[in-house]
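Below are the chains, spelled out letter by letter.
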Amino acid sequence: MEEKINILVVDDDAEIADLVEIYLCSAGYTVFKAFNAKDGLEILAANDIKLAIIDIMMPVIDGIEMCRRIRDTKNIPIIILSAKSADLDKILGLSAGADDYMIKPFNPLELTARVKSQLRRYMELNPNVKENDSVIRIKGIEIDVTRHKVVVDGRDVALTPIEFDILKLLASYPDRVFSTDEIFEKVWNEKMYEANNTVMVHIRRLREKIEKDPRKPQIIVTVWGVGYKVES
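Residues numbered from 1 in each chain as written. Predicted model: local features only at pLDDT ≥ 70, side-chain atom pairs only at ≥ 80, totals over all residues. Heavy atoms only, no water.

A short note on the sheet that holds strand E6 (residues 135-138)
On the basis of which strands lie adjacent, the open sheet formed by 4 strands has the order E6-E7-E8-E9 and antiparallel pairing. On the outer flanks of this sheet lie E6 and strand E9 (155-157), each paired with one strand and no other. Ignoring strand direction, the axes of neighbouring strands in this sheet form an average angle of 20°. Bridge count for strand E7 (residues 141-144) against strand E8 (residues 149-152) is 4 bridges, and the pairing is antiparallel. Bridge pairing links Ile141 to Val152 in E8. Across the face of the sheet, helix H6 (residues 161-172) comes into contact with E6, E7 and E8 while running at roughly 115° to E7. Packed onto the sheet, helix H8 (residues 198-210) meets E7, E8 and E9 and runs at close to 165° relative to E9. (Pairing = 2+ DSSP bridges. Helix = DSSP H or I, 4+ residues; strand = E, 2+ residues; numbered from the N terminus. Axes fitted to C-alpha atoms, helices over the stretch in contact; angles between N-to-C directions. Contact = heavy atoms within 4.5 Å.)

As C-alpha cells, this is what we get:
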C-alpha cells in the first residue's frame, strides 16, 4: 500500500483498541486511537481520517451520538463495534449513520476484511463503469458515478458510500425489483445468511435525503413482499 490510509479507532477498552490497531497496522493502515468520543472527534477534525471504528458504550458521549456528529460534516465509512447484539441496537446504530455493525467478541480478521471492503467502496470510485455511463439521470436525480456526487432537483445531496451504492444499483436498473438479499449481496459484497434490517434502515435513511416526502416515496418504491425499485 503506497499511500498510508488513516483509520480512527475509538473504544474505552484499551485492550480492544490495541488489538484492532495491531491487525490494521499489519494490513498497512495508520491507526489513530482515542478512548472517548470527545478525543475521537478532535482527532477526526485535525487529521485526514478515511474510516472510523467506534464503540457504542462510552462515557459522556456514546458511540451513537458520535456517529451522528460525524455525519453532520463527513461521509467517511463508519463501523460500529459493540457488545450490544439486539436488532434494535443495530437499527439504532445504522440509523445514526453507521455503514456496518460488528458484535463483540469479534474476529479481527473479519473486521480487517470489512474495513478493506468499506474503504474500497469509498475510495476507488467504481473504475469499471464505462465513461459514457458515468452519469445516471432518472426521476429528477443526477448520479455522477465517477465523482460520487448526487444532485436531486438541482441541490447537492451528501450520501454515505453505502447509500450511494444502493441508489446507484437501483437507478442503474430502472423498474427492476431487487430483494433485500440481492441488495445486501451486491452492495456489501457478501452473502446474507440471516434476516436482518440492515438494508431497510439504509433505504429509510436514503429516502429521508432524496424524497420530497419520505413517508410517500416516489423515487425508491417498495414492492411489498418482494423488494425495492426505482421506477423509470
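Structure's up, so let's keep going.
A word on the pattern of salt bridges
On inspection of all chains with the given rule, the structure shows 19 salt bridges. The closest approach of N and O atoms between Asp18 and Lys33, which form a salt bridge, is 2.4 Å. Of this pair, Asp18 sits in helix H1 (residues 14-26) while Lys33 sits in strand E2 (residues 30-34), and the two are 15 residues apart along the sequence. For Asp18, a relative accessible area of 31% gives the class partly exposed. A relative accessible area of 27% places Lys33 in the partly exposed class. Glu21 is the salt-bridge partner of Lys33, the closest N and O atoms lying 2.9 Å from each other. Taken together, the positions of Lys33 in strand E2 and Glu21 in helix H1 put the pair 12 residues apart, joining distant regions of the chain. Each of Asp11, Asp55 and Lys104 takes part in salt bridges that share partners, so that together they form one network. (Salt bridge = Lys/Arg side-chain N within 4 Å of Asp/Glu carboxyl O. Buried < 20%, exposed > 50% of the residue type's maximum accessible area, 1.4 Å probe, protein only.)

Some details on the sheet that holds E2
The sheet built from 5 strands is open, its strands ordered E2-E1-E3-E4-E5 with parallel pairing. Two strands bound the open sheet, and with one partner strand each, they are E2 and strand E5 (100-103). Sheet twist, expressed as the average angle between the axes of neighbouring strands with direction ignored, equals 20°. Of the pairings in the sheet, the one linking strand E1 (residues 6-10) to E2 comprises 5 bridges and is parallel in character. Looking across to E2, one finds that Leu8 is bridged to Phe32. This element, helix H3 (residues 63-73), spans E1, strand E3 (49-55) and strand E4 (78-82) of the sheet and lies at about 160° to E3.

Things to note about the pairing of E3
Most of E3 is tucked away: 7 of the 7 residues are buried. In this structure, E3 lies alongside E4, joined through 4 bridges in parallel fashion. Note that in E4 the partner of Asp55 across the bridge is Leu81. Handedness of the E3-H3-E4 crossover: right-handed. (Right-handed = clockwise from strand over helix to strand, strands pointing away.)

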